[in-house]
Amino acid sequence: MKVINPETTFPPLSADKRAQVAALAARQKRANGILMKAINFVGGQVEDTLKMLPAGAREQIDAAARNALQRSYDLAATSRRGRFSQTVQTDAGHKIMATISGALGGLGGLPTALAELPVATTMIFRAVQGVAAQYGEDPTAQETRLECLAVFGAGGPGTDDDGVDTSFIGARLGLTGAAVHGLLGKVAPRFATVLSQKLASQAVPVLGAAAGAGTNYAFTDYYVEMAHVHFGLRQLARDHGEDPVLDAFHAELAKGKVPVKRA
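Predicted model only: the values in this text are computed from it and were never measured.

Draft legend 1. Looking closely at the overall build of the chain. A count of helical and extended segments in the chain gives 11 helices and zero strands. The order of α-helices and β-strands along the chain, N terminus first, is α-α-α-α-α-α-α-α-α-α-α. Every one of the 263 residues in the chain was classed for burial, and the buried ones make up 52%. In the chain, once contacts between residues fewer than 6 apart in sequence are set aside, the share between residues at least 24 apart is 83%. Of the roughly 11,900 Å² of accessible surface on the chain, a fraction of 59% belongs to carbon and sulfur atoms.

Draft legend 2. View of the environment of Gly 241. With respect to the helices, strands and loops of the structure, Gly 241 is situated in the loop between helix 10 (207-240) and helix 11 (242-256). Separated by 231 residues in the primary sequence, Gly 241 and Phe 10 have C-alpha atoms spaced 5.9 Å apart. Discounting residues that sit within four places of it in the chain, Gly 241 has contacts with Phe 10 and Leu 236.

Draft legend 3. Looking closely at the environment of Gln 70. Here Gln 70 lies in helix 3 (residues 57-75). C-alpha separation for the pair Gln 70 and Leu 184, spaced 114 residues apart in sequence, amounts to 7.5 Å. Not counting chain neighbours up to four residues away, the residues in contact with Gln 70 comprise Val 180, His 181 and Leu 184.

Draft legend 4. Representation of the confidence of the model for the chain in the model. This prediction gives the chain a mean pLDDT of 75; 60% of its residues lie at or above 70. Across the chain, the secondary-structure element scoring lowest on mean pLDDT is helix 4 (residues 82-87), at 47, and the one scoring highest is helix 7 (residues 142-151), at 89. The model gives residues 1-6 a pLDDT under 50, and that stretch makes zero contacts with residues more than four places away or in other chains. A low-confidence stretch, residues 43-47 stays under pLDDT 50, and its non-local contacts, those more than four residues away or across chains, total five contacts.

Draft legend 5. Structural context of the pattern of salt bridges. Inspection of the entire model under this criterion finds six salt bridges. A salt bridge links Arg 234 to Glu 137; its shortest N-O distance comes to 2.7 Å. Here the residue Arg 234 occupies a position in helix 10, and Glu 137 occupies one in the loop between helix 6 (110-134) and helix 7, the gap between them amounting to 97 residues. Of the residues examined, Arg 234 reaches a relative accessible area of 10% and is grouped as buried. Owing to a relative accessible area of 8%, Glu 137 belongs among the buried residues under this scheme. With its nearest N and O atoms 3.0 Å apart, the salt bridge here joins Arg 238 to Glu 137. Here the residue Arg 238 occupies a position in helix 10, and Glu 137 occupies one in the loop between helix 6 and helix 7, the gap between them amounting to 101 residues. Residue classification places Arg 238 among the partly exposed residues on the basis of a relative accessible area of 40%. Each of the salt bridges in this network shares a partner with another, and the network as a whole consists of Glu 137, Glu 143, Glu 147, Arg 234 and Arg 238.

Draft legend 6. Layout of the nonpolar core. Of all hydrophobic cores here, the largest spans 40 residues; its most connected members are Leu 69, Val 128, Leu 149, Tyr 223 and Phe 231. Secondary structure elements with two or more residues in this core: helix 3, helix 6, helix 7, helix 9 (177-201) and helix 10. Take this core: its biggest share by element is 10 residues, from helix 9. Setting aside anything within four residues of it in sequence, one finds Leu 149 in contact with Leu 69, Tyr 73, Phe 125, Val 180, Leu 183, Leu 184 and Val 187. Ranked by size, the runner-up nonpolar core spans 12 residues in total, among them Ala 25, Val 245, Ala 248 and Phe 249.

About the cut-offs
Within any chain, residue numbers begin from 1 and follow the written order of that chain's sequence. Selection of residues for local features in this predicted model requires a pLDDT of at least 70, selection of side-chain atom pairs for listing and counting requires 80 or more, and totals for whole chains, interfaces and linings are taken over all residues. Hydrogens and water molecules were not included; the side-chain quantities draw on all heavy atoms of the structure. Under the DSSP-based scheme used, a helix requires at least four consecutive residues in state H or I and a strand at least two consecutive residues in state E, with every element numbered from the N terminus. The cut-offs for exposure are 20% and 50% of the maximum accessible area for each residue type, with area from a 1.4 Å probe on protein chains only; residues under the lower value are buried, those over the upper are exposed, and the others partly exposed. We call two residues in contact whenever any of their non-hydrogen atoms come within 4.5 Å of each other. For the area figures, the Shrake-Rupley method with a 1.4 Å probe applies, and any residue is considered shielded solely by the protein chains shown. How sure the predictor is of each residue is captured by pLDDT, a score from 0 to 100. A pair is scored as a salt bridge if a Lys or Arg side-chain nitrogen falls within 4 Å of a carboxyl oxygen belonging to Asp or Glu. What makes a nonpolar core is a set of buried Ala, Val, Leu, Ile, Met, Phe, Trp, Tyr and Cys residues whose side-chain atoms join them at distances within 4.5 Å.

Spelled out as structure tokens, the structure:
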């Protein structure tokens, strides 16, 4: 009987490739530490700054997070074209632009900080797209944009599940509007937690400008690191198969007991 579409056979992970997996795991372990140092420097302890947010702000932030992610996802199909995209192409460039945006957003306290959220989110999304391109993916393709969106579910300071979600969702969900909305429903609450910390640090006018600059830089740095992990693993999985790569990655993380999420 003729076999139709036989299962692809991948070469085993070499010592060099296993070293690359270990480097990605180490990158994930370092990422949240870098972020927390920045947050502590510009805004003090997260638990204290969160008390500055007014009652009912959480619902507003949840809605703002979802809307900002949806807007960024939609803009991502075209936002890497034109003069601006040619000027800002590097990880460092995106961090600088996000820092400027955060400073401006913090000048007027909470109202301007809320208004700046879509801009900051788009900046971070563009940075994540840039990382995807570094690993050989088309940053404007719908599957790549879905994977970029998934990176925003990688936790953040003060969460118990920090780390990239290592399920590669593009092919599994299918490239449909329902898939995008379903993924947004999972990612937005986690991103809203991060935004709460950002807004708390920007709640005081003028002083919030410094905090906004620092938190935007730190958040961009964090999600860029998570994007390197996510798309680095995807690149390795294309050549060696998903299960061997993720098994090796999870084994490396287990050495440091870093929580992971896998579908």
